[in-house]
Amino acid sequence: MEKVTGLKVNNHSASQRLVDIKIENDYLDKVKEQFDQFDLLDIEYKPFLRFHITDIFNKIFNEKIQSLTKAILLNRDQGAFVIGPEEMDQSKYDTDFLVKLSTALTHLVGIPNFDAMYGKYYARFEVKNTDNSDSYLRKAAKKLDLHTDGTYVKEKTDWLLMMKMKEENSEGGESTLLHLDDWEDCEKFFTDPIGKENFVWGSPKSKNVDYKIEHPIFSTDQQGKPIISYIDQFPEPQSLKQGLYLNSLSESLEGSKKLISFKLPPGYAIFSNNYFMLHGRKAFKPHPKLYRELLRQRGVFYK
């Protein structure tokens, strides 16, 4: 990987598949100084401003951070990176700045989809000790099984960025990843004809998507390698064989010994290729004042 002044780029301690990028604070302060000129509401209402701050961001790193991030995401041997400040200062790098930073990161490589759950090009949501929502996303006591995003929407979902904005009284809740090429049973499930059948995919009311779609779990990329579109909660099997296939698939993924697990600090984001890198989260240990705020962007690569 090309050296980029202002960034410290290494293999992540959790896996050779994962790249660790730390932004040197002097450079992040330059970014913040530039971004502070723009109100977050203006960035939300004027889409072209998102491209403008991305250009500013890229130029601060000598126009090399764009090629670096795109190369990692498109590299089948990698496909994901973790990025954040070398030293996090939550009083300086507040949540408005983190939204802007995540916007600049995503617009380096593509265009985010509209997120119906939140009503913007990004979504912000909280995880607390108790929850009455209709999906696993906010349920702290339950682990979030390995999955890909965008399974229930019409839009393509090439990539996903998840950023941790805040975290308090948190124990457990580690981020998890599994590269499709590391999964021990990939060939078995990929070659099973059921995995190429169309499955019906719906979503709970909180997602604000009022339609269902059909697509298979497995398909292939331009090189003929397996890619996956799967989440455990949203498929609606239409036969016994589909239901049993899904159950076996889930058990195999969750039992993989190739799982990548690590703590994601506040101010950091995971940016991953959504076709061959599955993601999830371990359960939290109960705490009455548990609080975590996350930001999500997902979208398509530039043509």
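It should be noted that the structure appears before, not after, this text.
Q: Sorry, what's going on with the sheet that holds strand β8 (residues 175-179) here?
A: Remark on secondary structure: sheet strands pair via backbone hydrogen bonds, oriented parallel or antiparallel. Across the sheet, 4 strands lie side by side as β6-β16-β8-β14; this open sheet has antiparallel pairing. Whereas interior strands pair on both sides, the edge strands pair on one side only; in this sheet they are β6 (144-147) and β14 (260-262). In this sheet, neighbouring strand axes are inclined to one another by 15 degrees on average, regardless of whether the strands run parallel or antiparallel. As defined by bridge partners, β6 adjoins strand β16 (residues 277-281) across 2 bridges and the pair is classed as antiparallel. Opposite His 147, over in β16, you have His 279 as the bridge partner. Helix α7 (residues 240-254) contacts β6, β8 and β16 of the sheet and is inclined by roughly 100 degrees relative to β6.

Q: Where do I start with the nonpolar core in this structure?
A: Burial of nonpolar side chains together is a common tendency in soluble globular proteins. Phe 57 and Phe 61 are the most contacted members of the largest nonpolar core, which totals 43 residues. Here this core takes 8 residues from helix α5 (residues 95-109), the largest share from any one element. The residues contacting Phe 57, other than those within four sequence positions of it, are Val 31, Phe 35, Ile 65, Leu 101, Ala 104, Leu 105 and Leu 108. In this structure, Leu 146, Val 153, Phe 199 and Ile 231 belong to the second largest nonpolar core, which totals 26 residues.

Q: Quick question: what am I supposed to make of a negative patch on the surface here?
A: Among the surface-exposed residues, Asp 39, Asp 42, Asp 94 and Asp 96 lie close enough to one another that they form a single negatively charged patch. With respect to the helices, strands and loops of the structure, Asp 42 is situated in helix α2 (residues 40-45).

Q: Whenever I open this one, a nonpolar patch on the surface confuses me. Can you help?
A: A cluster of nonpolar side chains, namely Phe 51, Ile 111 and Tyr 302, defines an oily patch on the protein surface of about 250 Å² accessible area. Among the secondary structure elements, Tyr 302 is positioned in the segment after β17 (291-301).

Q: What am I meant to see in the side chain of Ser 15 here?
A: By the element assignment, Ser 15 lies in strand β2 (residues 15-23). A polar contact of 3.0 Å, which involves the side chain of Ser 15, links it to the backbone nitrogen of Arg 17.

Q: Would you take a moment to explain the pattern of salt bridges for this structure?
A: Two side chains with opposite charge may pair up if their charged atoms get near one another. Summed over all chains, the structure comprises 22 salt bridges. When the shortest N-O distance is used, the salt bridge between Asp 158 and Lys 156 registers 3.8 Å. For Asp 158, a relative accessible area of 4% puts it in the buried group. Of the charged contacts, one joins Lys 164 and Glu 167 as a salt bridge, the two residues approaching to 2.9 Å between their closest N and O atoms. The same class applies to Lys 164 as to Glu 167, namely buried. Through salt bridges with shared partners, a single ionic network connects Asp 115, Asp 149, Arg 296 and Arg 298.

Calculation rules
Residues numbered from 1 in each chain as written. Predicted model: local features only at pLDDT ≥ 70, side-chain atom pairs only at ≥ 80, totals over all residues. Heavy atoms only, no water. Pairing = 2+ DSSP bridges. Helix = DSSP H or I, 4+ residues; strand = E, 2+ residues; numbered from the N terminus. Axes fitted to C-alpha atoms, helices over the stretch in contact; angles between N-to-C directions. Contact = heavy atoms within 4.5 Å. Core = buried A, V, L, I, M, F, W, Y, C linked by side-chain atoms within 4.5 Å. Buried < 20%, exposed > 50% of the residue type's maximum accessible area, 1.4 Å probe, protein only. Patch = residues over 30% accessible without salt bridge, like charges linked within 9 Å, V, L, I, M, F, W, Y side chains within 5 Å. Areas by Shrake-Rupley, 256 points an atom, 1.4 Å probe, with all protein chains shown as cover. Salt bridge = Lys/Arg side-chain N within 4 Å of Asp/Glu carboxyl O. Lys, Arg positive; Asp, Glu negative; His and termini not counted. Charge placed at Lys NZ, Arg CZ, Asp CG, Glu CD. Polar contact = N/O pair within 3.5 Å; in protein donor to acceptor, adjacent residues only side chain to side chain.

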